[in-house]
Amino acid sequence: MRRLLPRNYLFTILGIAVGVGGLVALGAMAERITRFIDGGDRFVLGQISVAGEGMGMGTGFTAGGLLRAAKIAEIARVPGVAAVQPQVMLPLNPSTSQFLTLTQELILGVDPGVRMPNREFRDLPVREGRPLRAGERGVAVVGADFATARGLRAGSRLELSGRAFEVVGVLDKTLTAPDRFAIVPLEDARDLWLRRDPLLVQVFAGGGMTRADLNSGAAVAWVDGVDPDALARRLQADVPGLNVTIPGELSRLLRQSTAFFSALLFGIGVLGLVIGGLSLANTVTAAVFERIRDFGIKRALGATDGQLLREILGEALAVSVSGGAIGIGLALAVGALVDARVLRQGQQLFLFSPRLLGFALVFSVILGALAASYATLRIVRLSPAEAIRRGA
């Protein structure tokens, strides 16, 4: 190893490590935001969300007025509808409102006996514990970020709006909205809704509605081969008194609203490549030129250009791999420290994907080899005497 990494290359390795570390850290931030936006897009494209007309205590993609059981039955009879899942979606903190619920903590009430209609999330992955079961009450399954922010595990106690729930499961990370959900049985969510909305209690107590009418919305699945956007428009036309989100339009709205972030991601990627690339190339080139006298002496003693190139390339590759690996380790350590702090609030800033780490290592090796080859070509154009004179 000492033969491959001469002592003069110590600061070269450190310089490469700093450049690669910066590249990986910026890339990990960009990767996290990209996956978040893509996950949100998949989520909204996976179902048709409907709610009653007007505004109520509900929130999220099903925000609107009450969606009564009779309306749900009408929706289910529309040709092309495969399934309808009544839902109650409430903000964990009613005083906050965040864009499209993708970063908002929500209480989601569902019927555990009905399969999730979202085509992209048929079964939410459970990392610990188990999913909800039909007929259960007083239990909850929480998203990964929701659990991390509160230190919850399977078997923990969770209080929602003054009512205690047992956490029976923790979801695996989805990098989108469900990471911040507390999912409870539909009947429990209806109870929480009644606790929060005094006006709704008065309407319910006055008769004219049953508990089955207490829905903030519903998720609609479509039959295979049916165009979801066309079905959503058909629901608008055939079932009066609905707020219907058209998946394609909501996806376009999401993409347009996050266009700034997309441009920011591109800028982060370019900046990371430029900074990391220039730092690495300049460091390797400078390190090779610092040894120009040694190479001049070797040429004077009979070393061929090919032998010189192989020696320099071997050293440059070893230095680049070492610096790249240290830089990746540095970025991982910084990312872990930062994420450990922000995860307490249910956030995550970095996503170190295997493709990002592999790209960073390959990038450092290729750029290091190119920089070393450039420096070698400059050196071999000099006579041995000139190389020795310049390195003196």
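To keep things clear, this report deals only with the structure shown in the data block. This is a predicted model, so every value here is computed, not measured.

The biggest cluster of nonpolar side chains holds 30 residues, and the ones touching the most others in it are V20, V24, V284 and V288. In terms of residue count, helix α11 (residues 354-380) provides more of this core than any other element does, nine residues in total. When neighbours within four sequence positions are excluded, V284 is seen to be in contact with T12, I16, A316, S320, G368, A371 and A372. Ranked by size, the runner-up nonpolar core spans 23 residues in total, among them L90, L158, L160 and V184.

Glancing now at the packing of aromatic side chains. Summed over the entire model, instances satisfying the criterion amount to three aromatic pairs. Measuring from ring centre to ring centre gives 5.7 Å for F43 and F121, while their planes differ by 50 degrees; the resulting arrangement is tilted. In this pair, F43 is assigned in helix α1 (residues 10-45) and F121 in the loop between β3 (106-110) and β4 (126-129), connecting sequence segments 78 residues apart. Look at F43 and you get buried, because its relative accessible area is 7%. Of the residues examined, F121 reaches a relative accessible area of 7% and is grouped as buried. The positively charged end of R150 is found above the aromatic ring belonging to F146, 4.0 Å away from the centroid.

With that out of the way, let us pick up unusual backbone geometry. The residue S161 is not glycine, and still its phi comes out positive at about 50 degrees. By secondary structure assignment, the location of S161 is in the loop between β6 (157-160) and β7 (163-171). Overall, S161 belongs to the partly exposed group, its relative accessible area being 32%.

Moving on to the pairing of β3. By the criterion of burial, β3 is predominantly enclosed, with five of the five residues buried. Residue alternation in β3 divides its side chains into two sets, L106, L108 and V110 and I107 and G109, and both sets are buried. Sheet topology places strand β2 (residues 81-91) next to β3; four bridges connect them, and they run antiparallel. In the sheet register, V88 faces β3, and the bridge partner there is G109. In the sheet, β3 pairs with strand β8 (residues 181-185) via five bridges, with the strands oriented parallel.

Another aspect to go through is the packing of helix α10 (residues 305-342) against α11. Here α10 crosses α11 at 150 degrees, and the two axes come no closer than 8 Å. By the angle between their axes, α10 is roughly antiparallel relative to α11. In the packing of α10 onto α11, the handedness of the crossing is right-handed. Taking contact as the criterion, the partners of D305, L308, L309, I312, L313, A316, L317, S320, V321, G324, A325 and I328 in α10 are, on α11, L357, A360, L361, S364, V365, G368, A369, A372, S373, T376, I379 and V380. Across the contact of α10 with α11, the residue classes tally to 17 nonpolar, six polar and one charged.

Once that is clear, we can look at helix α7 (residues 247-257). Residues three or four positions apart in an α-helix share a direction because the helix packs 3.6 residues into each turn. For α7, the full list of buried residues reads P247, G248, L250, S251 and L254. One side of α7 carries all its buried residues, which in axial view fall inside an arc of 165 degrees.

Moving on, we come to the pattern of salt bridges. Tallying each qualifying case throughout the model produces 19 salt bridges. Its salt-bridge partner being R137, residue D188 comes within 2.6 Å of it at the nearest N-O pair. Here D188 is found in helix α4 (residues 186-196), whereas its partner R137 is found in the loop between β4 and β5 (139-142), with 51 residues between them in sequence. Accessibility expressed as a relative area gives 0% for D188, which makes it buried. Taking relative accessible area as the criterion, R137 reaches 42% and is therefore assigned partly exposed.

Secondary-structure assignment places I388 in helix α12 (residues 384-391). Remark: the alpha-carbon pair of I388 and R299, spanning 89 residues in sequence, is separated by 9.8 Å. Not counting residues within four places of it along the chain, the set of residues in contact with I388 comprises R293, G296 and I297.

Between α1 and α11, the shortest axis-to-axis distance is 10 Å and the interhelical angle comes to 150 degrees. Classed by the angle they form, the pair α1 and α11 counts as roughly antiparallel. The element α1 and its partner α11 pack so that their crossing is right-handed. Counting all contacts with α1, which are made through V20, L23, V24, G27, A28 and E31, the residues of α11 involved are R355, L356, L357, A360, F363 and S364. Here the contact of α1 with α11 is composed, by residue class, of eight nonpolar, two polar and two charged.

Bringing the pairing of β7 into the picture now. Most of β7 sits inside the fold, with seven of its nine residues counted as buried. Sheet topology places β5 next to β7; four bridges connect them, and they run parallel. Paired with A140 across the bridge in β7 is V167. Two elements, β6 and β7, share four bridges in a ladder whose sense is antiparallel. Considered in β7, the bridge of L158 is made with F165. From the end of β6 to the start of β7, which pair antiparallel, there are two residues, and S161 there has a positive phi angle of about 50 degrees.

Moving on: a nonpolar patch on the surface. Taken together, L10, F11 and L14 make up a surface patch of nonpolar side chains, about 340 Å² in accessible area. Summarising the element assignment, L14 is placed in helix α1. Taking relative accessible area as the criterion, L14 reaches 41% and is therefore assigned partly exposed.

Criteria and thresholds
Residues numbered from 1 in each chain as written. Predicted model: local features only at pLDDT ≥ 70, side-chain atom pairs only at ≥ 80, totals over all residues. Heavy atoms only, no water. Core = buried A, V, L, I, M, F, W, Y, C linked by side-chain atoms within 4.5 Å. Buried < 20%, exposed > 50% of the residue type's maximum accessible area, 1.4 Å probe, protein only. Helix = DSSP H or I, 4+ residues; strand = E, 2+ residues; numbered from the N terminus. Contact = heavy atoms within 4.5 Å. Phe/Tyr/Trp six-rings, centres within 6.5 Å; stacked < 30°, edge-to-face > 60°. Lys NZ or Arg CZ within 6 Å of the ring centre and 35° of its normal. Pairing = 2+ DSSP bridges. Axes fitted to C-alpha atoms, helices over the stretch in contact; angles between N-to-C directions. Parallel < 35°, antiparallel > 145°, perpendicular 65-115°, else oblique. Left-handed = near helix turned anticlockwise from the far one by under 90°. Nonpolar A, V, L, I, M, F, W, Y, C, P; charged D, E, K, R; others polar. Arc of directions from axis to C-beta. Salt bridge = Lys/Arg side-chain N within 4 Å of Asp/Glu carboxyl O. Patch = residues over 30% accessible without salt bridge, like charges linked within 9 Å, V, L, I, M, F, W, Y side chains within 5 Å. Areas by Shrake-Rupley, 256 points an atom, 1.4 Å probe, with all protein chains shown as cover.

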